[in-house]
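Inside the fold
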Amino acid sequence: IAICTPSGNFGNLTAGLLAKHAGLPVTRFVPATNANDVVPAYLDTGVFEPRASVQTIANAMDVGNPSNFERMRWLYGDNLAAMRHDVVGSRHSDDEVRATIKRVYQERGYLMDPHSAIAYLGLTRYLRGREGQEGREGREGRIGIFLATAHPAKFSEIVEPILGHPIDTPAPLANALAQPRHVLKINASFDAVRRTLDS
C-alpha cells in the first residue's frame, strides 16, 4: 500500500510515519505539495532550506517551514537514506491542480478540492513511476490511497470557475457557514487558555 498525503505542515504524514514505525504495513508515503516544496526538495537534495511561503490555490498547504519536519528528522535519526526508503516527495503546480479537478470530474464524476487534487496527483505520479526515482518496483497493481481533506464547497471560489458552474453545498456545511461567528479574545498564555477551557 502507498498512501499519499496532501502536505503543508506535514502533520498527517508524520502521524502516518509513526504508525509505520509501529507496524502499519505501508510500502511508501507520498507527501504531495504545492509550490511550497521544501520537504520534496530535501528528499531530492539532502538539504533542508525553509523559506517564505508562496501563495497557491491550495492555501492550507502554503507552508514554507513546516514544523513537523523536525519530528520526521527525529523519527529517522536524521538519516536521509532511511527517510527516502519510506517517503517519496511530489510537487504540483496550480495549473496541474486545476486541470486535474476538471479532468477527474469529467471522467469520473468525482469532485475534489485543490488539496485533495494534489494528493491524487501525487499518488497517480507515484504509481506510474518516474525515471530516476528508484524504478517502478512493480508498482502496477499496487494499492494506493490518497487523503481527501475537505469538501470542494469550502473552496467554491476556486472550484466553480474550473468547472464553469456552481457546486452544491451540503446542508451541514451550509448550516455551519450560516451560523454567527463567535470570537473570544484571550491573552496568549497557558493560564488564560486553561481558564477559558475550564469555564
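Residues numbered from 1 in each chain as written. Predicted model: local features only at pLDDT ≥ 70, side-chain atom pairs only at ≥ 80, totals over all residues. Heavy atoms only, no water.

**Comments concerning the side chain of D62**
Rules: Helix and strand assignments come from DSSP, with helices taken as H or I runs of at least 4 residues and strands as E runs of at least 2, each series counted from the N terminus. Accessible area is worked out with a 1.4 Å probe on protein chains only. A residue is then buried under 20% of its type maximum, exposed over 50%, and partly exposed in between. Positive residues here are Lys and Arg, negative ones are Asp and Glu, while His and the chain termini are left out of the count. By definition here, a salt bridge exists when the distance from a side-chain nitrogen of Lys or Arg to a carboxyl oxygen of Asp or Glu is within 4 Å. Under this definition, polar contacts are N or O atom pairs within 3.5 Å; protein pairs additionally need one hydrogen-donor-capable and one acceptor-capable atom, and for neighbouring residues in sequence, both atoms have to be side-chain atoms. Note on definitions: a residue-residue contact is assigned when non-hydrogen atoms from the two residues lie within 4.5 Å.
Note that D62 resides in the loop between α2 (38–45) and α3 (68–75). Buried within the structure, D62 lacks any salt-bridge partner; R51 is the closest side chain of opposite charge, at an N-O distance of 10 Å. Among the polar contacts made by the side chain of D62, one reaches the side chain of N34 at a distance of 2.9 Å. In this structure D62 touches N34, N36, S53, V54, Q55 and T56, once residues within four positions along its chain are discounted.

**Some points on the pattern of salt bridges**
If you walk through the whole model with that rule in mind, you get 10 salt bridges. For R91, the salt bridge identified is with D44, shortest N-O distance 3.1 Å. Within this pair, whereas R91 is found in strand β3 (residues 90–91), its partner D44 is found in helix α2, the two being separated by 47 residues in sequence. A relative accessible area of 52% means that D44 is categorised as exposed. Residues R125 and E96 are paired through a salt bridge, measuring 3.3 Å at the closest nitrogen-oxygen approach. Of this pair, R125 sits in helix α6 (residues 114–128) while E96 sits in helix α5 (residues 94–108); the two residues are 29 residues apart in sequence, bridging distant segments of the chain. Relative accessible area serves as the criterion here: at 18%, R125 is assigned to the buried category. Given a relative accessible area of 27%, E96 falls into the partly exposed group. Through salt bridges with shared partners, a single ionic network connects D37, D44, R51 and R91.

**A short note on the sheet that holds β3**
Within a beta sheet, neighbouring strands are joined by backbone hydrogen bonds and run either parallel or antiparallel to one another. Convention followed: Strands were regarded as paired on the criterion that DSSP finds at least two bridges between them. Between N-to-C directions, angles cover 0 to 180 degrees, with each direction set by a line fitted to C-alpha atoms, over the stretch in contact for helices.
The four strands lie next to each other as β3-β2-β1-β4, forming an open sheet whose pairing is parallel. Edge positions in the open sheet fall to β3 and β4 (144–146), since each of these has one partner strand only. Examined bridge by bridge, strand β2 (residues 28–33) and β3 share two bridges and lie parallel to one another. The partner of T33 across the bridge, within β3, is R91. α6 contacts β1 (2–6), β2, β3 and β4 of the sheet and is inclined by roughly 150 degrees relative to β1.

**What to know about the packing of helix α1 (residues 11–21) against α3**
Stated formally: For classification purposes, angles smaller than 35 degrees are called roughly parallel, those larger than 145 roughly antiparallel, those between 65 and 115 roughly perpendicular, and all remaining angles oblique. For any pair of crossing helices, the crossing counts as left-handed if the nearer helix is rotated counterclockwise from the farther one by less than a right angle, and right-handed if it is rotated clockwise. Under the convention adopted here, Pro, Cys and the residues Ala, Val, Leu, Ile, Met, Phe, Trp and Tyr are nonpolar, Asp, Glu, Lys and Arg are charged, and Gly plus all remaining residues are polar.
Running from N to C, α1 and α3 cross one another at 20 degrees; their axes reach a closest spacing of 9 Å. Here α3 runs roughly parallel to α1, going by the angle between their axes. Crossing handedness for the pair α1 and α3: left-handed. Across the interface between the two elements, G11, L13, T14, L17, L18 and H21 from α1 touch N68, R71, M72 and L75 from α3. A per-class count over the contact of α1 with α3 returns five nonpolar, four polar and one charged.

**Section: the confidence of the model for the chain**
How we decide: Scored from 0 to 100, pLDDT records how confident the predictor is in each individual residue.
Looking at the chain as a whole, the pLDDT averages 92, with 94% of positions reaching at least 70. Overall, residues 131–135 carries pLDDT values under 50, and its contacts beyond four positions in sequence, including any with other chains, amount to seven contacts.

**Remarks on the packing of α5 against α6**
One can describe the packing of α5 onto α6 by two numbers: an axis separation of 9 Å at closest approach and a directional angle of 85 degrees. Between α5 and α6, the angle falls in the class roughly perpendicular. Between α5 and α6, the contacting residues are E96, V97, T100, I101, R103, V104 and R108 on the first element and P114, A117, I118, Y120, L121 and R125 on the second. Grouping the constituent residues of the contact of α5 with α6 by class yields eight nonpolar, one polar and four charged.

**Some details on the layout of surface pockets**
Note the following rule: Throughout, the protein atoms alone are placed on a 1 Å grid, and a set of points is a cavity if a 1.4 Å probe fits but cannot get out or a pocket if it is open with protein on both sides within 12 Å along at least five of seven lines; lining residues have an atom within 4 Å of a point. Grid points are joined across faces, edges and corners, and a volume is the space filled by probe spheres set on the points.
As a volume, the largest pocket reaches approximately 180 Å³. Around the largest pocket, the lining is made up of 15 residues, and of these P6, N12, A60, M61 and T149 lie nearest the centre. Looking at the lining of the largest pocket, the element that brings in the most residues is α1, giving three residues. Taken together, the residues of the lining of the largest pocket sort by class into seven nonpolar, seven polar and one charged.

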